[in-house]
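Residue strings, one per chain:
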Amino acid sequence: MPGMVSIASPNTASDKPLHQAHTPMPAEARRSLLAASVAHAVHDGMTDLIYVLLPLWQSQFGLSLAFTGALRGLYAACMAGFQVPATRLARRWGRPALLVGGTVLVALAYLVAGLSGALPVVCGALLLGGLGASTQHPLASALVADAYAGHRVQARRALASYNFAGDLGKTAVPAGVGALLMWLSWQHSLIAVGLLGLGAAAGLAWLLRAPPLQGAAADGGPAQPAPPQAPVQPPTWGFTALAATGVVDSGTRMGFLTFLPFVLSAKGAGAAGTGLALGLLFVGGALGKLLCAVLERHLGLLRTVWLTEGATALCIVGTLLLPWWGALTLMPLLGLMLNGTSSVLYGCVPDLVPPERRDRAFALYYTATIGAGAIAPSLFGWLGDQWGVAPAMQAVAGFVLLTLPLTWVVRQALAGQGRD
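Residues numbered from 1 in each chain as written. Predicted model: local features only at pLDDT ≥ 70, side-chain atom pairs only at ≥ 80, totals over all residues. Heavy atoms only, no water.

Participant: What should I look at first to understand the overall build of the protein chain in this one?
Facilitator: A tally of helices and strands in the protein chain yields 17 helices and zero strands. Across the 420 residues that make up the protein chain, the buried fraction comes to 55%. In the protein chain, of all internal contacts separated by at least 6 residues, the share reaching a separation of at least 24 is 86%. Roughly 16,600 Å² of accessible area belongs to the protein chain as shown, and the carbon and sulfur atoms make up 69% of that amount. (Helix = DSSP H or I, 4+ residues; strand = E, 2+ residues; numbered from the N terminus. Buried < 20%, exposed > 50% of the residue type's maximum accessible area, 1.4 Å probe, protein only. Contact = heavy atoms within 4.5 Å. Areas by Shrake-Rupley, 256 points an atom, 1.4 Å probe, with all protein chains shown as cover.)

Participant: How do you make sense of a nonpolar patch on the surface when you look at a structure like this?
Facilitator: A cluster of nonpolar side chains, namely Leu-108, Leu-195 and Leu-198, defines an oily patch on the protein surface of about 240 Å² accessible area. With respect to the helices, strands and loops of the structure, Leu-198 is situated in helix H9 (residues 186–207). (Patch = residues over 30% accessible without salt bridge, like charges linked within 9 Å, V, L, I, M, F, W, Y side chains within 5 Å. Salt bridge = Lys/Arg side-chain N within 4 Å of Asp/Glu carboxyl O.)

Participant: For this particular structure, what's the right way to read the nonpolar core?
Facilitator: Counting 107 residues, the largest nonpolar core has Leu-49, Trp-57, Tyr-110, Phe-256, Leu-281 and Tyr-365 as its most contacted members. Apart from the residues lying within four places of it in its own chain, the contact partners of Leu-49 are Tyr-110, Val-173, Pro-174, Val-177, Leu-190 and Val-193. (Core = buried A, V, L, I, M, F, W, Y, C linked by side-chain atoms within 4.5 Å.)

Participant: Please explain helix H15 (residues 358–387) as it appears in this structure.
Facilitator: Its 30 residues give H15 an end-to-end C-alpha distance of 42 Å, which sits within 8% of 44 Å, the value for a rise of 1.5 Å per residue. With its phi angle positive at about 110 degrees, Gly-388 sits one or two positions after the end of H15. (Expected span 1.5 Å × (residues − 1).)

Participant: Explain the side chain of His-137 here, please?
Facilitator: In this structure, His-137 sits in helix H7 (residues 136–147). Reaching out from His-137, the side chain makes a polar contact with the side chain of His-40 at a distance of 3.5 Å. (Polar contact = N/O pair within 3.5 Å; in protein donor to acceptor, adjacent residues only side chain to side chain.)

Participant: Explain the packing of aromatic side chains here, please?
Facilitator: Aromatic rings in a pair are described by how distant their centres are and how their planes are angled relative to each other. All told, the structure shown has two aromatic pairs when counted by the stated rule. Where Trp-57 meets Trp-186, the ring centres are 5.9 Å apart and the plane angle is 80 degrees; that geometry is what we call edge-to-face. Of the two residues, Trp-57 is situated in helix H2 (residues 26–61) and Trp-186 in helix H9; the sequence distance between them amounts to 129 residues. The buried category is assigned to Trp-57, whose relative accessible area is 2%. (Phe/Tyr/Trp six-rings, centres within 6.5 Å; stacked < 30°, edge-to-face > 60°.)

Participant: When you look at the side chain of Ser-141 in this model, what are you seeing that I'm missing?
Facilitator: Topologically, Ser-141 is positioned in helix H7. Residue classification places Ser-141 among the buried residues on the basis of a relative accessible area of 0%. Within the local environment of Ser-141, its side chain forms a polar contact with the backbone oxygen of His-137, the two atoms lying 2.3 Å apart. If near-sequence neighbours (up to four positions away) are discounted, Ser-141 is found in contact with Gln-136, Leu-159, Tyr-162, Tyr-346, Phe-362 and Tyr-366.

Participant: I'm lost on helix H13 (residues 324–346) in this one. Help?
Facilitator: Residue pairs three or four apart in sequence face the same way in an α-helix, which turns once every 3.6 residues. The first and last C-alpha atoms of H13 sit 33 Å apart over 23 residues, in line with the 33 Å expected at 1.5 Å per residue. At Met-331, H13 shows its maximal kink, close to 40 degrees; a proline, Pro-332, follows between one and four residues later. Most of H13 sits out of view: 18 of its 23 residues are buried. (Bend = angle between axes of the 7 residues up to and from the residue.)

Participant: Could you clarify how one ought to interpret the packing of helix H5 (residues 95–116) against H9 in this entry?
Facilitator: A pair of packed helices is characterised by two quantities: the angle between their axes and the separation of those axes. The contact between H5 and H9 brings their axes to 7 Å, and the two run at 165 degrees. As the angle between them shows, H5 and H9 are arranged roughly antiparallel. Handedness of the H5/H9 crossing: left-handed. Contacts between H5 and H9 involve Leu-99, Val-100, Thr-103, Val-104, Ala-107, Tyr-110, Leu-111, Ala-113, Gly-114 and Leu-115 from the former and Trp-186, Gln-187, Leu-190, Ile-191, Val-193, Gly-194, Leu-195, Gly-197, Leu-198, Ala-201, Leu-204 and Ala-205 from the latter. When grouped by side-chain class, the residues that make up the contact of H5 with H9 number 17 nonpolar, five polar and no charged. (Axes fitted to C-alpha atoms, helices over the stretch in contact; angles between N-to-C directions. Parallel < 35°, antiparallel > 145°, perpendicular 65-115°, else oblique. Left-handed = near helix turned anticlockwise from the far one by under 90°. Nonpolar A, V, L, I, M, F, W, Y, C, P; charged D, E, K, R; others polar.)

Participant: How should I be thinking about the environment of Ala-277 in this particular structure?
Facilitator: Mapping Ala-277 onto the fold places it in helix H11 (residues 271–299). For the pair Ala-277 and Pro-261, spaced 16 residues apart in the sequence, the C-alpha separation amounts to 8.7 Å. In this structure Ala-277 touches Leu-264, Leu-328 and Met-331, once residues within four positions along its chain are discounted.

Participant: I would appreciate a short explanation of the packing of helix H10 (residues 237–266) against H15 in the present structure.
Facilitator: Their axes nearest at 7 Å, the elements H10 and H15 cross at an angle of 35 degrees. Relative to H15, the crossing made by H10 is right-handed. Facing Phe-239, Leu-242, Ala-243, Gly-246, Val-247, Ser-250, Gly-251, Met-254, Gly-255, Thr-258 and Phe-259 of H10, the residues of H15 in contact are Ala-361, Leu-364, Tyr-365, Ala-368, Thr-369, Ile-370, Ala-372, Gly-373, Ala-376, Pro-377, Phe-380 and Gly-381. Within the contact of H10 with H15, the residues separate by chemical class into 15 nonpolar, eight polar and no charged.

Function cannot be read off these values alone, since they describe shape.
If you want it as structure tokens, here you go:
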């Protein structure tokens, strides 16, 4: 993107001939993918840890289901609201500074919450953590897309690997903290997570270290001014339908994950059992990110999304009906279907927007999907307060089916460009 600091090369794509801009050095591309994957794993792991903490906070602070869902919404709303500003700040300060700084903020948020343990401080820490987490998705994903620009198949695979890394973090951190909770309080567990986040930020700073500058700028002379930015254009109808599909998919996932611990608790699972179930769910989700990317190449977008979203609805109903051990065995399959769809949708973003609008497109996509994730827990929490947890979860299962007609619109847009 014009004016954007590139990690994969000291020059921007606009400073090179087209064939060079779309032929990144293999080592630089792998380094960009590794850095983005580390950021994704750490951020997603610390974000989804909140699901393990929600029942503990509800019990300790005496919260309603709606307010408990709002705690998750605080983090997600702040994360969604600062996606676009993060891309603008990256044009001035660079992606490395924003990614490392955002990771530090999330780590500090967990340290503050753990050191205090008071509800107002926890709420403030969730806002701070959401602010830091807002930097990861748009910047890291655009970093991968730019590194593999011009190679559609390799770019899809790289984005799937990047998504897979996020699910590894979702698996490891909640399961690890679930184990820690058998010996430590949630406050001490959060302190440990905060220290882990600071260590990850140091690792990112090393991976994202800038290459030596050349020419006048290296000697302290004036750097070349950035070219003027391309005018902002409205999203295409295909991208709008894609974002809407992502909104439904994300709202379903966040609504389900928020209240899954309460469903499991009613079946007799404790904190350790809930951590195990979430770990199995996220293991399935990690595999789903890779498997669904393969399915999409063989079945196409429409058949893949209809398969995964239809199976998601059936698995949610099955989780409600089965006993504890049955629900536990269903978690890997449910995770595969629940999380795998997002990888397919996400990989379509570069195909629906020109390269110069990629950062902004990713930011808008994540603003919409994470914003849906912020609203969904409170909405379904209100339904849970009115009707009970089980009917609210049934509503989640019905909501996910809205993706089916929306995906057809996206497929038509891709077919119009010869991409599907």
